[in-house]
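One letter stands for each residue in the lines below.
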Amino acid sequence: MMMQRKAIGTAVFICSTLMVLLSGCSGMMGKISGADGPPQKMYIDATRNFAVEFPGDWEKFLDPDSDTLPGADAVGWQSPETEGSAPIARMAVIIPHEKLDFSQAKAEIARHVDGFTPGKEADIEVAGLEGKDLYGTNPLRQYRIILLGDPFVRYIILYSALPDQFATYQKQFKDMIKSFGTLR
């Protein structure tokens, strides 16, 4: 019973974090910095066992495990360009505390992201970890979610952007994926 509660708490936190990352607002769009984006910065997180590069002018956010949202940690970055008050693009690394397999993680995403329509899915390997590369949309955002670890998801790497800006930020997300690695 306790394990079920923890698994449910993990799923709720992951989906809540995804909803925050994937939500968007309307308004005026800012200008993208630099032709290829800003210089990269390295983020090293010994506690969560990963390192990754991110666009240097993006704002970092941290959503650590808490009483209200137990089950996972999220470290993310959001673009300085906005539409309304929301960042046009967001990238994050989410670390579940409980064991979820691919099908459980995908089901929770579909269940908790309003209007989620899954798109293509493919196998992927990042930093020596097997995983699934998922694309999807909802009415406000387009996103790509990489679930890493087999048989249980150890890391979720998320990218979300407004649909008309998704391709614009793909290179920065691909650079983030290439730079991702575990520390031990």
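Residues numbered from 1 in each chain as written. Predicted model: local features only at pLDDT ≥ 70, side-chain atom pairs only at ≥ 80, totals over all residues. Heavy atoms only, no water.

K.L.:
Just to check I follow, could you spell out the pairing of strand 2 (residues 50-55) for this structure?
P.N.:
By the criterion of burial, strand 2 is predominantly enclosed, with five of the six residues buried. Across six bridges, strand 1 (residues 40-45) lies against strand 2 in antiparallel orientation. Bridge pairing links Met42 to Glu53 in strand 2. (Buried < 20%, exposed > 50% of the residue type's maximum accessible area, 1.4 Å probe, protein only. Helix = DSSP H or I, 4+ residues; strand = E, 2+ residues; numbered from the N terminus. Pairing = 2+ DSSP bridges.)

K.L.:
Whenever I open this one, the environment of Ile95 confuses me. Can you help?
P.N.:
Looking at where Ile95 falls in the secondary structure, it is placed in strand 7 (residues 89-96). On a C-alpha basis, the gap between Ile95 and Ala72 in space is 5.3 Å, while along the polypeptide they are 23 residues apart.

K.L.:
Got a minute to help me understand the sheet that holds strand 11 (residues 155-161) in this structure?
P.N.:
Paired through backbone hydrogen bonds, the strands of a sheet run either parallel or antiparallel to each other. With antiparallel pairing, seven strands are arranged side by side in an open sheet as 3-4-7-11-10-9-8. Sheet topology places strand 3 (59-63) and strand 8 (117-126) at the edges, where each strand pairs with a single neighbour. Neighbour-to-neighbour, the strand axes of the sheet open up by a mean angle of 15°, direction not taken into account. Here five bridges tie strand 3 to strand 4 (residues 72-78), and the two strands are oriented antiparallel to one another. By the bridge assignment for strand 4, Glu59 is matched with Gln78. (Axes fitted to C-alpha atoms, helices over the stretch in contact; angles between N-to-C directions.)

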